Amino acid sequence: SQSRLYLSKIRACVESALFEQISGLMVILNAVSLGYATNHMATYPGARPDAIMDVSEPFFCVIFTMELLLRIFAFRNEFLTMKCWKWNIFDACQVSTQLLEQTLILTSRSERHKLNFGIFRILRLLRVIRIARLFRAFHLFDDLRVIVSSVTSSISSLGWSMVLLIILIYVFSVLFLQSIVSAGH
(Lines give C-alpha, C1' and ligand atoms only; values in the text may rest on other atoms or scores of the structure.)
Protein backbone atom coordinates (compact mmCIF):
# COMPACT_ATOMS: atom_id res chain seq x y z
CA SER A 1 0.00 0.00 0.00
CA GLN A 2 2.76 2.40 0.98
CA SER A 3 4.84 1.34 -2.03
CA ARG A 4 1.88 1.86 -4.40
CA LEU A 5 1.40 5.37 -3.04
CA TYR A 6 5.11 6.05 -3.49
CA LEU A 7 5.02 4.65 -7.03
CA SER A 8 1.94 6.71 -7.95
CA LYS A 9 3.67 9.89 -6.73
CA ILE A 10 6.77 9.13 -8.77
CA ARG A 11 4.62 8.36 -11.82
CA ALA A 12 2.68 11.62 -11.37
CA CYS A 13 5.99 13.47 -11.15
CA VAL A 14 7.38 11.80 -14.29
CA GLU A 15 4.16 12.52 -16.23
CA SER A 16 3.98 16.13 -15.09
CA ALA A 17 4.49 19.04 -17.46
CA LEU A 18 7.24 20.43 -15.21
CA PHE A 19 9.25 17.19 -15.47
CA GLU A 20 8.89 17.26 -19.27
CA GLN A 21 9.92 20.92 -19.40
CA ILE A 22 12.97 20.33 -17.20
CA SER A 23 13.91 17.30 -19.32
CA GLY A 24 13.50 19.39 -22.47
CA LEU A 25 15.63 22.16 -21.00
CA MET A 26 18.36 19.63 -20.13
CA VAL A 27 18.28 18.31 -23.71
CA ILE A 28 18.63 21.86 -25.06
CA LEU A 29 21.48 22.67 -22.65
CA ASN A 30 23.17 19.41 -23.61
CA ALA A 31 22.88 20.32 -27.30
CA VAL A 32 24.47 23.71 -26.56
CA SER A 33 27.23 21.96 -24.60
CA LEU A 34 27.85 19.55 -27.48
CA GLY A 35 28.03 22.49 -29.88
CA TYR A 36 30.58 24.18 -27.62
CA ALA A 37 32.62 20.96 -27.38
CA THR A 38 32.54 20.48 -31.15
CA ASN A 39 33.65 24.07 -31.72
CA HIS A 40 36.46 23.63 -29.18
CA MET A 41 37.66 20.42 -30.88
CA ALA A 42 37.56 22.12 -34.30
CA THR A 43 39.35 25.24 -33.09
CA TYR A 44 42.01 23.41 -31.06
CA PRO A 45 42.54 20.01 -32.72
CA GLY A 46 44.25 17.54 -30.44
CA ALA A 47 43.92 19.82 -27.42
CA ARG A 48 42.73 18.49 -24.12
CA PRO A 49 39.07 19.27 -23.27
CA ASP A 50 38.62 22.38 -21.17
CA ALA A 51 37.02 22.53 -17.71
CA ILE A 52 33.51 23.18 -19.04
CA MET A 53 33.60 20.01 -21.14
CA ASP A 54 35.13 18.01 -18.26
CA VAL A 55 32.18 18.95 -16.05
CA SER A 56 29.29 19.12 -18.52
CA GLU A 57 29.62 15.63 -20.01
CA PRO A 58 29.47 13.74 -16.68
CA PHE A 59 26.77 16.14 -15.43
CA PHE A 60 24.45 15.44 -18.37
CA CYS A 61 25.25 11.74 -18.17
CA VAL A 62 24.06 11.70 -14.54
CA ILE A 63 20.97 13.82 -15.31
CA PHE A 64 19.87 11.67 -18.27
CA THR A 65 20.60 8.44 -16.40
CA MET A 66 18.48 9.61 -13.47
CA GLU A 67 15.68 10.67 -15.84
CA LEU A 68 15.73 7.28 -17.58
CA LEU A 69 15.78 5.36 -14.29
CA LEU A 70 12.86 7.41 -12.97
CA ARG A 71 10.87 6.68 -16.13
CA ILE A 72 11.66 2.96 -15.95
CA PHE A 73 10.75 2.86 -12.27
CA ALA A 74 7.54 4.84 -12.77
CA PHE A 75 6.25 2.93 -15.78
CA ARG A 76 7.82 -0.49 -15.14
CA ASN A 77 6.29 -2.99 -17.61
CA GLU A 78 4.60 -0.23 -19.60
CA PHE A 79 7.95 1.41 -20.36
CA LEU A 80 8.37 -0.65 -23.55
CA THR A 81 4.69 -0.86 -24.50
CA MET A 82 3.38 2.66 -23.96
CA LYS A 83 2.63 5.20 -26.68
CA CYS A 84 6.16 6.66 -26.73
CA TRP A 85 8.00 3.34 -26.38
CA LYS A 86 10.25 4.13 -29.37
CA TRP A 87 11.48 7.30 -27.67
CA ASN A 88 12.07 5.27 -24.51
CA ILE A 89 14.27 2.82 -26.42
CA PHE A 90 16.06 5.71 -28.14
CA ASP A 91 16.70 7.37 -24.77
CA ALA A 92 17.93 4.09 -23.27
CA CYS A 93 20.38 3.66 -26.16
CA GLN A 94 21.54 7.25 -25.81
CA VAL A 95 22.10 6.92 -22.08
CA SER A 96 23.90 3.59 -22.60
CA THR A 97 26.34 5.12 -25.09
CA GLN A 98 26.83 8.10 -22.78
CA LEU A 99 27.61 5.77 -19.87
CA LEU A 100 30.00 3.76 -22.04
CA GLU A 101 31.75 6.94 -23.15
CA GLN A 102 32.14 8.19 -19.58
CA THR A 103 33.43 4.79 -18.46
CA LEU A 104 36.03 4.73 -21.23
CA ILE A 105 37.11 8.28 -20.42
CA LEU A 106 37.50 7.46 -16.72
CA THR A 107 39.37 4.26 -17.55
CA SER A 108 41.80 6.05 -19.85
CA ARG A 109 42.47 8.72 -17.22
CA SER A 110 42.94 6.37 -14.30
CA GLU A 111 45.19 3.88 -16.07
CA ARG A 112 48.64 4.79 -17.32
CA HIS A 113 48.02 3.49 -20.82
CA LYS A 114 45.91 5.24 -23.35
CA LEU A 115 42.98 3.53 -25.03
CA ASN A 116 42.47 3.38 -28.77
CA PHE A 117 41.29 6.85 -29.75
CA GLY A 118 39.37 5.42 -32.70
CA ILE A 119 36.79 4.36 -30.14
CA PHE A 120 36.57 7.93 -28.90
CA ARG A 121 36.02 9.19 -32.44
CA ILE A 122 33.10 6.79 -32.86
CA LEU A 123 31.68 7.87 -29.50
CA ARG A 124 32.01 11.52 -30.51
CA LEU A 125 29.95 10.76 -33.60
CA LEU A 126 27.34 9.16 -31.37
CA ARG A 127 27.23 12.39 -29.36
CA VAL A 128 25.83 14.15 -32.39
CA ILE A 129 22.94 11.70 -32.44
CA ARG A 130 22.07 12.87 -28.93
CA ILE A 131 21.03 16.18 -30.46
CA ALA A 132 18.15 14.24 -32.05
CA ARG A 133 16.61 14.27 -28.57
CA LEU A 134 15.73 17.88 -29.34
CA PHE A 135 12.94 16.58 -31.56
CA ARG A 136 11.37 14.97 -28.53
CA ALA A 137 11.23 18.37 -26.84
CA PHE A 138 9.22 19.93 -29.71
CA HIS A 139 5.89 19.03 -28.15
CA LEU A 140 6.75 21.26 -25.19
CA PHE A 141 6.68 24.39 -27.31
CA ASP A 142 3.36 24.89 -29.11
CA ASP A 143 4.59 27.72 -31.36
CA LEU A 144 7.63 25.71 -32.44
CA ARG A 145 5.43 22.68 -33.16
CA VAL A 146 3.17 24.86 -35.36
CA ILE A 147 6.17 26.22 -37.28
CA VAL A 148 7.68 22.75 -37.80
CA SER A 149 4.30 21.44 -38.92
CA SER A 150 3.91 24.36 -41.35
CA VAL A 151 7.38 23.83 -42.81
CA THR A 152 6.87 20.10 -43.27
CA SER A 153 3.46 20.70 -44.85
CA SER A 154 4.86 23.22 -47.32
CA ILE A 155 8.07 21.37 -48.17
CA SER A 156 6.98 20.52 -51.74
CA SER A 157 6.01 24.16 -52.40
CA LEU A 158 9.36 25.25 -51.00
CA GLY A 159 11.15 22.78 -53.28
CA TRP A 160 9.35 24.07 -56.38
CA SER A 161 10.07 27.65 -55.30
CA MET A 162 13.76 26.77 -55.15
CA VAL A 163 13.59 25.23 -58.65
CA LEU A 164 11.90 28.39 -59.95
CA LEU A 165 14.51 30.58 -58.26
CA ILE A 166 17.36 28.53 -59.75
CA ILE A 167 15.81 28.79 -63.23
CA LEU A 168 15.42 32.58 -62.86
CA ILE A 169 19.01 32.97 -61.66
CA TYR A 170 20.23 30.83 -64.55
CA VAL A 171 18.22 32.76 -67.16
CA PHE A 172 19.38 36.15 -65.89
CA SER A 173 22.98 34.91 -65.59
CA VAL A 174 22.95 33.80 -69.21
CA LEU A 175 21.35 37.12 -70.28
CA PHE A 176 23.87 39.12 -68.25
CA LEU A 177 26.82 37.12 -69.60
CA GLN A 178 25.58 37.43 -73.20
CA SER A 179 25.20 41.19 -72.82
CA ILE A 180 28.77 41.46 -71.47
CA VAL A 181 30.14 39.29 -74.28
CA SER A 182 28.15 41.32 -76.87
CA ALA A 183 29.44 44.60 -75.48
CA GLY A 184 33.03 43.36 -75.67
CA HIS A 185 32.85 42.56 -79.42
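Here the structure is a predicted model, which means the values were calculated and not measured.

Time to look at the pattern of salt bridges. With the rule as written, the count across this model stands at 4 salt bridges. Among the salt bridges present, the one from R11 reaches E15, with a minimum N-O distance of 3.4 Å. In this pair, R11 and E15 both sit in helix α1 (residues 2–15), 4 residues apart, roughly one turn of the helix. Of the charged contacts, one joins R11 and E78 as a salt bridge, the two residues approaching to 2.7 Å between their closest N and O atoms. A residue pair is termed long-range when its members are at least 10 positions apart, and R11 in helix α1 and E78 in the loop between α3 (51–75) and α4 (85–110) qualify at 67 residues. With a relative accessible area of 24%, R11 lands in the partly exposed category. Each of R11, E15 and E78 takes part in one network of salt bridges that share partners.

Take the packing of helix α2 (residues 17–43) against α3 next. One can describe the packing of α2 onto α3 by two numbers: an axis separation of 10 Å at closest approach and a directional angle of 150 degrees. Looking at the two axes, α2 sits roughly antiparallel to α3. The chirality of how α2 crosses α3 is left-handed. Taken together, the residues of α3 that come into contact with α2 (itself represented by F19, E20, S23, M26, V27, L29, N30, S33, L34, Y36, A37 and H40) are I52, M53, S56, E57, F59, F60, I63, F64, E67, L70 and R71. Residues belonging to the contact of α2 with α3 are distributed by class as follows: 14 nonpolar, 5 polar and 4 charged.

Attention shifts here to the packing of aromatic side chains. Counting across every chain of the model gives 4 aromatic pairs. An angle of 70 degrees between the planes, with centres 5.2 Å apart, marks the rings of F59 and F60 as edge-to-face. For F59, a relative accessible area of 42% gives the class partly exposed. Given the relative accessible area of 5%, F60 is considered buried. Between the aromatic rings of W87 and F90, the centroid separation amounts to 5.7 Å while the plane-to-plane angle is 85 degrees, which identifies the pairing as edge-to-face. Residue W87 and its partner F90 are both found in helix α4; the two are separated by 3 residues, about one turn of the helix. For F90, a relative accessible area of 22% corresponds to the partly exposed category. Three or more aromatic residues joined by ring pairs make a cluster, and in this case those are F59, F60 and F64. Over the face of the ring belonging to F73 we find R76, whose NZ or CZ atom lies 4.6 Å from the ring centre.

The rules behind these values
Starting from 1, residues in each chain are numbered consecutively following that chain's sequence as written. In keeping with the predicted nature of the model, local features appear solely for residues at pLDDT of at least 70, side-chain atom pairs appear and are counted solely at 80 or more, and the whole-chain, interface and lining totals rest on all residues. Values reported for side chains reflect all heavy atoms of the structure, with hydrogen atoms and water molecules removed beforehand. Between Lys or Arg on one side and Asp or Glu on the other, a salt bridge is scored when a side-chain nitrogen of the former is within 4 Å of a carboxyl oxygen of the latter. In DSSP terms, a helix is any run of H or I states spanning at least four residues, a strand is any run of E spanning at least two, and both are numbered starting from the N terminus. Relative accessible area decides the class of each residue, using a 1.4 Å probe on protein chains only: under 20% of the type maximum gives buried, over 50% gives exposed, and in between gives partly exposed. Between N-to-C directions, angles cover 0 to 180 degrees, with each direction set by a line fitted to C-alpha atoms, over the stretch in contact for helices. Angle categories: roughly parallel below 35 degrees, roughly antiparallel above 145, roughly perpendicular from 65 to 115, and oblique for all the rest. Each crossing is labelled by how the near helix is turned from the far one, with a counterclockwise turn of less than a right angle marking it left-handed and a clockwise turn marking it right-handed. Any two residues whose heavy atoms approach within 4.5 Å at even a single point are treated as in contact. Under the scheme applied here, ten amino acids are nonpolar (Ala, Val, Leu, Ile, Met, Phe, Trp, Tyr, Cys and Pro), four are charged (Asp, Glu, Lys and Arg), and all others, including Gly, are polar. Between rings of Phe, Tyr and Trp, where Trp is taken as its six-membered ring, a pair exists when centres lie within 6.5 Å; planes separated by under 30 degrees are stacked, by over 60 edge-to-face, and by other angles tilted. Here, over-ring charges are defined by two tests on the NZ atom of lysine or the CZ atom of arginine: distance to the ring centre within 6 Å, and angle to the ring normal within 35 degrees.

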